[in-house]
Amino acid sequence: MVREYRHEPFTDFSKVENKAAFEEALQLVNSQLGKQYPLVIGGERIMTEQMILSVNPARKREIIGKVAKADQALAKQAMGSALLAFECWKKERAEERAAVLLRAAAIIRDRKHEFSGYLVKEAGKPWKEADADTAEAIDFLEYYARQMLLLSQGVPVESRDRERNQYEYIPLGVGIIISPFNFPLAIMSGTAASAIVAGNTIILKPANSTPVVAAKFVEVMEEAGLPDGVLNYLPGSGAEIGDYLVEHPKTRFVSFTGSREVGCRIYEKAAKVQAGQIWLKRVIAEMGGKDTILVNCDADLDLAATSIVASAFGYSGQKCSAGSRAVIHQDVYGEVVARVVTLTKELIVGNPENGQTFMGPVIDQASYNKIMRYIEIGKEEGKLLTGGNGNQEEGYFIEPTIFADIAENARLMQEEIFGPVLAICQAKDFDHMMEIANNTDYGLTGALITKNRAHMKRAKAEFHVGNLYFNRGCTGAIVGYQPFGGFNMSGTDSKAGGPDYLVLHMQAKTISESF
Ligand SMILES: NC(=O)C1=CN([C@@H]2O[C@H](COP(=O)(O)OP(=O)(O)OC[C@H]3O[C@@H](n4cnc5c(N)ncnc54)[C@H](O)[C@@H]3O)[C@@H](O)[C@H]2O)C=CC1
Ligand SMILES: N[C@@H](CCC(=O)O)C(=O)O
């Protein structure tokens with residue numbers, strides 16, 4: 001028996017001992033910078049001539065690690081190893097598979113701040129954001145282990161006289177796990193562990209800006225007793241090995257989290273049946289968002305302002321759940337905008353290694369350039385109220401930036417920027433708010449700040465997002481409490497950290513015996 005699932009508590013950094021422990025962990029991480037990390041294929045460590053350089057986005061001259069980079073020949077080898085390992089792993093009892101995840105969760109919990117330290121250095125996460133990412137990784141491991149134990153009992157179906165019917169879930173095969181930079185521990189480990197605990201073997205391709213923390217996770221899974229070949233660690237170029245693996249005829253499923261552009265490409269490529277392929281590949285895709293906070297005329301205005309600021313600028317707006325649009329009722333528009341601007345001007349921006357920092361850098365040069373281009377677009381589409389400047393001398397820093405009076409169909413209201421840029425738009429009334437809320441291609445998260453229960457009821461029915469929140473921000477879903485995933489162009493409608501997520505990695509078998 002395992003104890004009931006409870007989510008991992010966040011660290012209280014106002015306590016001196018927690019602050020000291022975190023600083024000590026950062027020192028440990030700093031002492032390990034620049035190390036080399038090999039690929040792991042079938043348990044074998046493989047170095048390559050070409051390497052991926054993982055750099056600190058807050059101090060771009062600082063190298064976090066040098067990571068081996070796979071080519072297609074190595075991807076082929078990884079596929080061979082995953083196929084071989086599948087023959088044993090699929091027969092392993094669910095209890096044993098779940099136990100690996102539970103042990104991995106315990107190992108990460110024991111070294112929690114060390115993992116968060118890597119997130120600070122490699123992903124540019126401020127302490128609180130890093131701590132939440134690590135907690136979420138622990139949650140995914142704990143939650144999916146329990147879900148697997150439940151699922152392994154099968155689901156009851158009816159039987160008639162002299163008949164025994166069973167309905168059981170079996171694994172799919174080899175899965176390709178492709179993860180993004182923005183939750184480099186939580187999403188990477190959650191998508192990997194869910195596939196593994198369901199009895200599949202995987203090839204894990206982490207984001208190229210955050211491969212070191214993924215290498216650390218792979219070490220943990222080995223320490224937790226995962227057999228060789230079940231998890232093959234394969235950093236490399238998306239275009240080169242990503243396409244190859246997605247198109248491989250032995251790939252059974254792809255679990256992708258990342259941008260809409262890459263997600264659509266994978267979906268299309270996976271749909272094509274290749275020579276020798278005897279199944280239709282399954283694709284689980286979690287893609288982008290253009291998420292909205294709605295503020296009604298009766299709202300608690302302080303709550304509205306704090307929710308908007310936290311959702312727009314947490315982790316520099318680099319969350320698919322980020323509240324990058326605020327739609328405010330005309331009666332309270334001026335007041336809410338003023339409070340949002342005041343709070344934003346108070347945010348501490350800087351190196352996330354400093355515990356006081358609220359917002360660090362954006363992830364890399366390409367992101368920096370893209371966000372700065374959107375800031376230029378914003379200057380044409382609305383009124384710049386604060387921010388607007390970037391500084392890339394040391395790292396990729398961009399000020400928290402607010403544009404007001406943006407038209408509902410402007411590019412800033414429609415396109416995912418994935419940076420610290422907030423677009424504010426005025427609504428005439430609640431009907432107008434509902435219209436704007438649903439006017440993008442996406443449907444990931446959304447929040448409504450109101451005291452009006454009739455309006456809440458309408459939003460429940462009309463606001464078409466996978467995660468709808470009332471009287472809070474639109475980020476920060478907790479595994480097992482707020483299963484996470486969106487509609488429309490936000491993905492394939494799956495819900496990470498939810499009760500039906502594991503089933504997406506399995507197929508059901510009906511067994512009927514007559515006697
Ligand atoms: N809906 C959700 O749950 C989430 C969505 N996201 C989305 O992720 C994006 C940000 O993450 P990024 O890492 O910048 O996304 P990205 O799409 O650039 O990269 C994601 C992963 O795909 C890989 N990749 C790139 N080209 C590929 C190809 N041709 N074949 C296979 N793999 C390929 C990358 O190397 C990386 O590992 C945002 O759009 C965000 O909204 C991020 C987290 C959660
Ligand atoms: N699950 C996270 C978002 C994941 C992401 O942004 O990539 C949240 O609820 O904020």
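Within each chain, residues carry numbers counting from 1 in the order of the written sequence. All chains are assigned letters beginning at A, and all ligands numbers beginning at 1, according to the order in which they are written. For this predicted model, a pLDDT threshold of at least 70 governs which residues receive local features, and a threshold of 80 or more governs which side-chain atom pairs are given and counted, while totals over whole chains, interfaces and linings are taken from all residues. With hydrogens and water stripped out, all remaining heavy atoms of the structure feed into the side-chain values.

Considering the overall build of the chain
Part 1 of the argument: A count of helical and extended segments in the chain gives 15 helices and 23 strands.
Part 2 of the argument: In terms of C-alpha radius of gyration, the chain reaches 23 Å, essentially the compact-globule figure of 24 Å for 515 residues.
Part 3 of the argument: Considering only C-alpha atoms, the chain reaches an extent of 70 × 60 × 50 Å along its principal axes.
Part 4 of the argument: Among the 515 residues that make up the chain, the fraction classed as buried is 58%.
Part 5 of the argument: Here the contacts in the chain between residues at least 6 apart in sequence split such that 77% fall between residues at least 24 apart.
Part 6 of the argument: Of the roughly 20800 Å² that the chain leaves accessible, carbon and sulfur atoms contribute 50%. The helix count covers DSSP runs of H or I at least four residues long, the strand count covers runs of E at least two residues long, and both are numbered beginning at the N terminus. In this description the radius of gyration comes from C-alpha coordinates, and the expected globular size is given by 2.2 Å times residues to the power 0.38. Only protein chains enter the accessibility calculation, which uses a 1.4 Å probe; a residue is then buried when its area is under 20% of its type maximum, exposed when over 50%, and partly exposed in between. Here, residues are in contact when the closest pair of their heavy atoms is within 4.5 Å. Each accessible area is a Shrake-Rupley estimate made with a 1.4 Å probe; only the visible protein chains count as cover when residues are assessed.

Points about the site of ligand 1
Part 1 of the argument: By convention in these notes, a residue is near a molecule or strand provided one of its non-hydrogen atoms lies within 4 Å of it. Inspection of the region around ligand 1 gives 28 residues, with Ser-179, Lys-205, Ser-259, Met-287 and Glu-416 positioned closest.
Part 2 of the argument: Identification of polar contacts relies on pairs of N or O atoms within 3.5 Å, with a donor-acceptor requirement for protein atoms, meaning one able to donate a hydrogen and the other able to accept it, and with residues adjacent in sequence counted only if both atoms are side-chain atoms. Gly-238 has a polar backbone atom sitting 3.3 Å from a nitrogen atom of ligand 1.
Part 3 of the argument: Side-chain polar atom of Ser-259 to an oxygen atom of ligand 1: 2.6 Å apart, as the coordinates give it.
Part 4 of the argument: For ligand 1, the accessible surface in isolation is 860 Å², of which the surrounding protein chains cover 87%.
Part 5 of the argument: Of all the secondary structure elements, the ones that give two or more residues to the shell around ligand 1 are α8 (238–247), β10 (251–257) and α9 (260–271).
Part 6 of the argument: Note on residue categories: nonpolar means Ala, Val, Leu, Ile, Met, Phe, Trp, Tyr, Cys or Pro, charged means Asp, Glu, Lys or Arg, and polar means any other residue, Gly included. Each residue belonging to the shell around ligand 1 can be placed in one class, and the counts come to 14 nonpolar, nine polar and five charged.

Regarding helix α14 (residues 430–437)
Part 1 of the argument: Where burial is concerned, most of α14 is hidden: six out of the eight residues are buried.
Part 2 of the argument: Restricting attention to buried positions, one finds in α14 the residues Phe-430, His-432, Met-433, Met-434, Ile-436 and Ala-437.
Part 3 of the argument: Taken together, the buried residues of α14 touch β12 (292–295), β13 (325–329), α13 (411–414), β18 (421–427), β20 (445–449) and α15 (453–462).
Part 4 of the argument: The residue sitting at the N-terminus of α14 and contributing the capping side-chain oxygen is Asp-429; that oxygen lies 3.3 Å from the backbone nitrogen of Asp-431.

Observations concerning the sheet that holds strand β1 (residues 35–37)
Part 1 of the argument: The sheet built from three strands is open, its strands ordered β1-β5-β4 with mixed pairing. The two strands at the open ends of the sheet, each matched to only one other strand, are β1 and β4 (51–56). Averaged over neighbouring strand pairs, the angle between their axes works out to 35° when direction is ignored.
Part 2 of the argument: Between any two strands, at least two bridges found by DSSP are needed for them to pair. Pairing geometry for β1 and strand β5 (residues 59–68), over three bridges, is parallel. Bridging across to β5, Gln-36 finds its partner in Lys-66.
Part 3 of the argument: Set on the sheet, helix α7 (residues 211–223) makes contact with β1, β4 and β5; between it and β1 the angle comes to about 65°. Axis lines are fitted through C-alpha atoms, for helices just across the contact stretch, and the angle between N-to-C directions can take any value from 0 to 180 degrees.

Focus on the side chain of Thr-386
Part 1 of the argument: Locating Thr-386 in the fold gives a position in strand β14 (residues 383–386).
Part 2 of the argument: For Thr-386, a relative accessible area of 13% corresponds to the buried category.
Part 3 of the argument: Contacts of Thr-386, omitting those with residues within four sequence positions, involve Val-341, Thr-344, Lys-345, Pro-400, Thr-401 and Ile-402.

Description of the site of ligand 2
Part 1 of the argument: Taken together, Asn-182, Phe-183, Ile-187, Lys-319, Cys-320, Ser-321, Thr-475, Gly-476, Ala-477 and Phe-484 make up the full set of residues adjacent to ligand 2.
Part 2 of the argument: When isolated, ligand 2 has an accessible area of 300 Å², and the protein chains bury 96% of it.
Part 3 of the argument: Residues belonging to the shell around ligand 2 are distributed by class as follows: five nonpolar, four polar and one charged.

What to know about the UniProt feature "active site" (unreviewed entry) in the chain
Part 1 of the argument: UniProt positions are given in the numbering used here, feature names are shortened, and annotations may be inferred rather than shown by experiment. Within this structure's numbering, the places UniProt gives as "active site" (unreviewed entry) are Glu-286.
Part 2 of the argument: Residue Glu-286 is classed as buried on the basis of its relative accessible area, which comes to 10%.

Quick look at the pattern of salt bridges
Pairing between side chains of opposite charge can happen when their charged atoms approach one another.
Part 1 of the argument: Note on definitions: salt bridges are taken to be side-chain nitrogens of Lys or Arg within 4 Å of carboxyl oxygens of Asp or Glu. For the structure on display, the rule yields 29 salt bridges.
Part 2 of the argument: Linking Glu-222 and Arg-45 is a salt bridge whose minimum nitrogen-to-oxygen distance equals 2.8 Å. With Glu-222 in helix α7 and Arg-45 in strand β3 (residues 44–46), this residue pair connects regions lying 177 residues apart in the sequence.
Part 3 of the argument: Among the residues examined, Glu-222 registers a relative accessible area of 29% and is labelled partly exposed.

Remarks on α8
Part 1 of the argument: Within α8, the full set of buried residues consists of Ile-241, Gly-242, Asp-243, Leu-245 and Val-246.
Part 2 of the argument: Buried residues along α8 sit in contact with α2 (72–89), β7 (174–178), β8 (201–205), β10 and α9.

Describing the environment of Met-489
Part 1 of the argument: Residue position: Met-489 is located in the loop between β22 (487–488) and β23 (506–514).
Part 2 of the argument: Residue classification places Met-489 among the partly exposed positions, given a relative accessible area of 29%.
Part 3 of the argument: Distance from Met-489 to Glu-261, taken between C-alpha atoms, is 10.0 Å for residues 228 residues apart in sequence.

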